[in-house]
Amino acid sequence: MITAIVYVSHAGHTKQHARILGHKMKLPVFDLKTAKKKLQKGSSVFYLGWLMGGNISGYKKAKKTFRIEGLCGVGMATGDSQIGDMKKTNAIPEGLPLFYLQGGFESEKLRGIYRLMMNVIKKTVGKNLAGKENRTPDEEEMLHLLTQGESKVSFRNLDGIIAWYSRVKDESRGKGSAR
């Protein structure tokens, strides 16, 4: 049974998602550093990390300390298009429930090298998208995020994770099947 939500966040979107999930799942929420101090090694957790190049931040460290029962990457893109890259980049074991949530992009919340890197991406990708005719809805969304900035954190985006958790919880009580 999952005992806590654990996360790593940079600009705050992953932290917001984790807090909402904790509230909905009635579980304590800890950033990874605090979780290592407060939770026992081997505790079952649901883990969230922000994405950079498909890499789920903190996941490798978290899996050394905790039993990851479910995993979520938080990034800028819309939809679940990131799932395949996340599986491959992070060597996600088969059968581990993996989710993607859109976090948003607010350059003023970025720090250090990440701010510099995203400014370059913002200029190059933003310029390319702005000059492209017939943009897809996902491209329109990305252009909007890069040029205007916005948080996409929302209760309704968590429905898939909440439904999965309900099934897992019911299974642990012997009421149904989880996966």
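In case you missed it, the structure is sitting above this.
Predicted model, so just to flag it, every value in this text is computed and none were measured.

S.K.: Even after reading the chapter, I still don't get a positive patch on the surface, so can you show me in this structure?
M.R.: Taken together, the side chains of K36, K60, K61, K63 and K64 define a basic patch exposed on the protein surface. Considering each element in turn, the positive patch owes the most residues, four residues, to helix 3 (residues 59-65). For K61, the location among the structural elements is in helix 3.

S.K.: Where do I start with the packing of aromatic side chains in this structure?
M.R.: Aromatic ring pairs are defined here through the distance separating the ring centres and the angle between the ring planes. If you walk through the whole model with that rule in mind, you get three aromatic pairs. Between F46 and W164, the ring centres sit 5.6 Å apart and the planes meet at 45°, which makes this aromatic pair tilted. Of the two residues, F46 is situated in strand 3 (residues 44-52) and W164 in helix 7 (residues 159-172); the sequence distance between them amounts to 118 residues. Both residues of the pair, F46 and W164, count as buried. An aromatic cluster of at least three residues, connected via ring pairs, comprises F46, F99 and W164.

S.K.: Is there a simple way to explain the pattern of salt bridges in this structure?
M.R.: Two side chains with opposite charge may pair up if their charged atoms get near one another. With the rule as written, the count across this model stands at one salt bridge. With its nearest N and O atoms 2.9 Å apart, the salt bridge here joins R67 to E69. On the basis of relative accessibility, which here comes to 12%, the residue E69 falls in the buried class.

S.K.: Explanation requested: the packing of helix 1 (residues 13-25) against helix 7 in the structure shown.
M.R.: Helix packing geometry: the angle between the two helix axes and the distance between the axes. For the pair helix 1 and helix 7, interaxial distance at closest approach is 11 Å and the crossing angle is 35°. The handedness of the crossing between helix 1 and helix 7 comes out as right-handed. Counted together, L21, K24 and M25 of helix 1 and I161, I162 and Y165 of helix 7 form the full contact between these two elements. Classifying every residue of the contact of helix 1 with helix 7 gives five nonpolar, no polar and one charged.

S.K.: Even after reading the chapter, I still don't get the nonpolar core, so can you show me in this structure?
M.R.: The biggest cluster of nonpolar side chains holds 22 residues, and the ones touching the most others in it are L39, Y47, I56, Y59, I68 and L71. For this core, the elements supplying multiple residues, two or more each, are strand 1 (4-8), helix 2 (32-38), strand 3, helix 3, strand 5 (67-75), helix 4 (83-90) and strand 6 (98-102). The biggest single contributor to this core is strand 3, with three residues. Counting 19 residues, the second-largest nonpolar core is a separate cluster that includes I2, M25, F46 and F99.

S.K.: What should I look at first to understand helix 7 in this one?
M.R.: Helical periodicity: at 3.6 residues per turn, an α-helix aligns residues three or four positions apart in one direction. Between its first and last C-alpha atoms helix 7 spans 20 Å; for 14 residues at 1.5 Å apiece the expected length is 20 Å, and the two agree. All buried positions along helix 7 are accounted for by I161, W164, Y165 and V168. Take helix 7 and look down its axis: the buried residues cluster within an arc of 100°, on one side only. Close packing links the buried residues of helix 7 with helix 1, strand 3, strand 5 and strand 6. Phi turns positive one or two residues past the end of helix 7, at G174, with a value near 80°.

Cut-off values and rules
Here the residue numbering is sequential within each chain, running from 1 through the sequence in written order. Local features in a predicted model are, by the rule used here, given only for residues with pLDDT of at least 70; side-chain atom pairs are given and counted only at 80 or more, and totals for whole chains, interfaces and linings are based on all residues. Note that water and hydrogens are dropped before the side-chain values are worked out from all heavy atoms of the structure. Surface patches are drawn from residues lacking salt bridges whose relative accessible area is over 30%; two like charges belong together within 9 Å, two nonpolar side chains (Val, Leu, Ile, Met, Phe, Trp, Tyr) within 5 Å. In this description, accessible areas are obtained by the Shrake-Rupley approach with a 1.4 Å probe, and a residue is regarded as covered only by the protein chains that are shown. Any Lys or Arg side-chain nitrogen located within 4 Å of an Asp or Glu carboxyl oxygen qualifies as a salt bridge. His is not counted, nor are the chain ends; Lys and Arg add positive charge and Asp and Glu add negative charge. Where a charge lies is defined by one atom per residue type: Lys uses NZ, Arg uses CZ, Asp uses CG and Glu uses CD. Runs of H or I in DSSP of at least four residues are treated as helices and runs of E of at least two as strands, each being numbered from the N terminus. Within 6.5 Å between ring centres, the rings of Phe, Tyr and Trp (the latter by its six-membered ring) count as paired, and their orientation is classed by plane angle as stacked under 30 degrees, edge-to-face over 60, tilted in between. Relative accessibility decides the category of a residue: with a 1.4 Å probe and only protein chains considered, values under 20% of the type maximum give buried, values over 50% give exposed, and everything between is partly exposed. Axes, fitted as lines to C-alpha atoms, cover a helix only where it is in contact. Angles between the N-to-C directions of the axes lie from 0 to 180 degrees. Throughout, a crossing is termed right-handed when the near helix is turned clockwise from the far one, and left-handed when it is turned anticlockwise from it by less than a right angle. A contact between two residues is defined here by any heavy atoms of the two lying within 4.5 Å. When residue character is reported, Ala, Val, Leu, Ile, Met, Phe, Trp, Tyr, Cys and Pro are called nonpolar, Asp, Glu, Lys and Arg charged, and the others, Gly included, polar. As used in this record, nonpolar core signifies buried Ala, Val, Leu, Ile, Met, Phe, Trp, Tyr and Cys residues forming a set joined through side-chain atoms within 4.5 Å. A helix is expected to span 1.5 Å multiplied by its residue count minus one. This arc corresponds to the set of directions leading from the helix axis out to the C-beta atoms.

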